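# Architecture at a glance
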Amino acid sequence: VQLQAYGGGLVQAGGSRRLSCSASGRAFINYTVAWFRQAPGKAREFVSAVKYGVGTTYYGDFVKGRFTISRDNDKKMVYLQMNSLQPEDTAVYYCAAASFLHDDYYNTERYYNLWGQGTLVTVSS
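All of the points below concern the structure found in this document. Here the structure is a predicted model, which means the values were calculated and not measured.

Side-chain pairs of opposite charge can arise where the charged atoms are in close proximity. Tallied over the full model, the rule gives five salt bridges. A salt bridge links Glu109 to Arg44, with the shortest nitrogen-to-oxygen separation between them at 3.0 Å. Note that Glu109 is positioned in the loop between strand 9 (91-99) and strand 10 (114-115) and Arg44 in the loop between strand 4 (31-38) and strand 5 (45-50), a separation of 65 residues in sequence. A relative accessible area of 27% places Arg44 in the partly exposed class. With a shortest N-O distance of 2.7 Å, Arg66 and Asp89 are connected by a salt bridge. Taken as a pair, Arg66 in the loop between strand 6 (57-59) and strand 7 (67-72) and Asp89 in the loop between strand 8 (77-82) and strand 9 lie far apart in primary sequence, 23 residues in all. Linked through salt bridges whose partners overlap, the residues forming this network are Arg37, Glu45, Arg66 and Asp89.

With that settled, the discussion passes to the sheet that holds strand 8. With antiparallel pairing, the four strands of this open sheet are ordered in space as 1-3-8-7. Where the open sheet ends on each side, the last strands, each with one partner, are strand 1 (2-6) and strand 7. For this sheet, the mean angle separating the axes of adjacent strands, direction not counted, is 15°. In terms of strand pairing, strand 1 meets strand 3 (residues 17-24) through five bridges, oriented antiparallel.

This part is about the nonpolar core. Counting 27 residues, the largest nonpolar core has Val33, Trp35, Phe67, Val78, Leu80, Met82 and Tyr93 as its most contacted members. Looking at this core, the elements with two or more residues in it are strand 1, strand 3, strand 4, strand 5, strand 7, strand 8, strand 9 and strand 11 (119-124).

Okay, the side chain of Arg66 next. Residue Arg66 is classed as buried on the basis of its relative accessible area of 16%. For Arg66, the side chain forms a polar contact with the main-chain oxygen of Ser84, separated by 3.0 Å. In contact with Arg66, not counting residues within four places along its chain, are Gln81, Met82, Asn83, Ser84, Leu85, Gln86 and Asp89.

About the criteria used
- Residues numbered from 1 in each chain as written.
- Predicted model: local features only at pLDDT ≥ 70, side-chain atom pairs only at ≥ 80, totals over all residues.
- Heavy atoms only, no water.
- Salt bridge = Lys/Arg side-chain N within 4 Å of Asp/Glu carboxyl O.
- Helix = DSSP H or I, 4+ residues; strand = E, 2+ residues; numbered from the N terminus.
- Buried < 20%, exposed > 50% of the residue type's maximum accessible area, 1.4 Å probe, protein only.
- Pairing = 2+ DSSP bridges.
- Axes fitted to C-alpha atoms, helices over the stretch in contact; angles between N-to-C directions.
- Core = buried A, V, L, I, M, F, W, Y, C linked by side-chain atoms within 4.5 Å.
- Polar contact = N/O pair within 3.5 Å; in protein donor to acceptor, adjacent residues only side chain to side chain.
- Contact = heavy atoms within 4.5 Å.

Okay, structure coming up:
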């Protein structure tokens, strides 16, 4: 599986943006797919993940109901709908995937072995 993230851009504070992660390859349904982000000068942090198979979703604490992750296995796509964006959400957003990832590790980047290139989201105040 290979990943490609896109959909970033400039958005005003309070606005919305949808990121997309497209996958190529086989057995996409067997992969947990996550979004991580890295703000300038900061470490990369977990944003959200959607589990393989049943599609259970997980979110970082800072999301607070503003973001929604979803997947379309037929299209091999994962989406991150981001609402109520704030300047502190400015970051490069990466999608990542791991096959049959254990539930304990969904927010740990070192367990994801497949990464797409990042897409920059800039939120202006």
